[in-house]
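An overview of the molecular structure
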2 protein chains.
Amino acid sequence: MADSGWPGCAKSLKGVILDMCGVLYDSGEGDGVAIAGSIEAVKKLKTSDLQLRFCTNETQATREKFVAKLRRLGFDISVAEVFSPAPAAVAVLKQRGLRPHLLVYDGVLPEFDSVDKTNPNCVVIADAAEKFSYQNLNEAFRVLIGLEKPALFSLGQGRYYKEMDGLKLDVGVYMKALEYACDLKAEVIGKPSPVFFQSVLTDMGLQPHEAVMIGDDLVNDVGGAQHCGMKGIQVRTGKYRSVVV
Amino acid sequence: MADSGWPGCAKSLKGVILDMCGVLYDSGEGDGVAIAGSIEAVKKLKTSDLQLRFCTNETQATREKFVAKLRRLGFDISVAEVFSPAPAAVAVLKQRGLRPHLLVYDGVLPEFDSVDKTNPNCVVIADAAEKFSYQNLNEAFRVLIGLEKPALFSLGQGRYYKEMDGLKLDVGVYMKALEYACDLKAEVIGKPSPVFFQSVLTDMGLQPHEAVMIGDDLVNDVGGAQHCGMKGIQVRTGKYRSVVV
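Residues numbered from 1 in each chain as written. Chains lettered and ligands numbered in written order. Predicted model: local features only at pLDDT ≥ 70, side-chain atom pairs only at ≥ 80, totals over all residues. Heavy atoms only, no water.

- As recorded in an unreviewed UniProt entry, chain A goes by Phospholysine phosphohistidine inorganic pyrophosphate phosphatase and comes from Channa argus.
- Taken directly from UniProt, the Cofactor (unreviewed entry) text for chain A runs: "Mg(2+)".
- Recorded in UniProt for chain A, the comment headed Catalytic activity (unreviewed entry) runs: "diphosphate + H2O = 2 phosphate + H(+)". (UniProt positions renumbered as here; feature names shortened; annotations may be inferred.)

1. Examining helix 6 (residues 194–204) of chain A
Residues and elements named next belong to chain A.
- Restricting attention to buried positions, one finds in helix 6 the residues Phe196, Phe197, Val200, Leu201 and Met204. Seen from one end, helix 6 has its buried residues packed into an arc of 140°, which puts them on one side. Among the exposed residues of helix 6, those pointing more than 90 degrees away from its buried face are Val195 and Thr202.
- In this structure, the buried residues of helix 6 make contact with strand 1 (15–18), strand 4 (51–55), strand 5 (82–83), helix 3 (85–95), strand 12 (211–215) and helix 7 (218–227).
- Looking one or two residues past helix 6, Gly205 carries a phi angle of roughly 70°, positive in sign. (Buried < 20%, exposed > 50% of the residue type's maximum accessible area, 1.4 Å probe, protein only. Helix = DSSP H or I, 4+ residues; strand = E, 2+ residues; numbered from the N terminus. Arc of directions from axis to C-beta. Contact = heavy atoms within 4.5 Å.)

2. Considerations on the pattern of salt bridges
All names here are of chain A.
- On inspection of all chains with the given rule, the structure shows 24 salt bridges over all chains.
- Measuring nitrogen to oxygen at the nearest pair gives 2.8 Å for the salt bridge that ties Arg72 to Asp31. Taken together, the residues span a long stretch of sequence, with Arg72 in helix 2 (residues 63–72) and Asp31 in the loop between strand 2 (25–26) and strand 3 (33–34) at a distance of 41 residues.
- For Arg72, a relative accessible area of 56% translates into the label exposed. (Salt bridge = Lys/Arg side-chain N within 4 Å of Asp/Glu carboxyl O.)

3. Re the environment of B:Ala91
- Positionally, B:Ala91 belongs in helix 3 (residues 85–96).
- Each C-alpha atom of the pair B:Ala91 and B:Asp49 lies 30 Å from the other, and the pair is 42 residues apart in sequence.

4. Looking at the packing of aromatic side chains
- Under the criterion given, the structure shown has eight aromatic pairs over all chains.
- Taking 6.3 Å as the distance between ring centres and 65° as the angle between the ring planes, the aromatic pair formed by A:Tyr25 and A:Phe66 counts as edge-to-face. Remark: A:Phe66 occurs in helix 2 and A:Tyr25 occurs in strand 2; sequence separation between them is 41 residues.
- Judged by relative accessible area, which is 1%, A:Tyr25 ranks as buried.
- Arranged with centres 6.4 Å apart and planes meeting at 35°, the rings of A:Tyr134 and B:Tyr174 form a pair that is tilted. One end of the pair, A:Tyr134, is in helix 4 (residues 134–145); the other, B:Tyr174, is in helix 5 (residues 171–182), on a second chain. (Phe/Tyr/Trp six-rings, centres within 6.5 Å; stacked < 30°, edge-to-face > 60°.)

Here it is as structure tokens:
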């Protein structure tokens, strides 16, 4: 429980935002596995009076593919209920008339189909995994350093995450690398960015105090939500008890 | 001229430390080219009463190969006069009983021949260029994160440098990446580290106010020297006038 005001606040509760990996399922080979009780919990929430949204920093697949995986695991989830950084970035890019140079995982590229990418005037990075080669990072750097007003967007700011074959460096590490190279500050899109949480609240038509965020990450889920005026609850699954990443 | 005390201080001057790339020569295809007047300047200094040393952050080759290149260009330089980060790192590692995991350019590996590299208890990174792959950076990260007291040494902290085919990310960028990933502070070996400049002064048997550092980099050469109590002079060749890297 991340706040002493609970459970008194439950009376004003109108919406629930759920993190996905580590809350609904554990990643692993293939689709991963559903966490015990989570499929039923989502069902219960859907039959309640509470609004429900899902909020993930997943950037290696499109929402369509990601939701298809969750549905195969047994979850009743639709694409419209899922908030992830790539579509949020697309909205920001269009709003500001920016044309990105993308350093992202191939699987998420279709999310950017509608964005003009000619003659780039900003750089967008996401968890690109093995695409974070020296050549590709250099290329992103050269685009940035060649701009009059360099703008770097980072889809998340994670340090590392765990996969079946060990720990992997996350996008935040490469964000810091490019920030130092170009002497600039990146704009983070995704959790724990307040703008990102606010977009979910806006979609539900709720005020921060009317919603609760449930996640396994103390910084990105609980801290980010509290920073926005929401309640934050940390589950004891996923990365709970492990080092905060 | 980086200090108003000049030229009065010239009377106490007993030693000169020269940066190499951008002061003696410009890098480029093959060995690069000697900068006009620099071969003669080194000759003059050698026939003067002043002691002379060379100080470089070059880490892509052994001192032997590096000096051989300078000699081919026409410079009268010997290995014993050249101070570079790799041998300085070797001294530190041996002093502290550390066994490094190396993420460095192949060309500089022989400098570490005498160091025990089994069962690593620290990580040493240098300008590894294309060896800075996602896999290699992940490997260095896993070594660090698996240590009880993670220690990271970075041979230099440059942001980027220029080669014939464009700008290239330098070691400092990857230092920042690993610092963020592991939530630690790296120890920099090489310019502008005071320890590095002090080792050159010790070799000459001089006090800081008796020596002058001449380089093309305002931060690593001039600033580093001044931080140690030496005079620092910036030449108008090399990276002078360009963005400080």
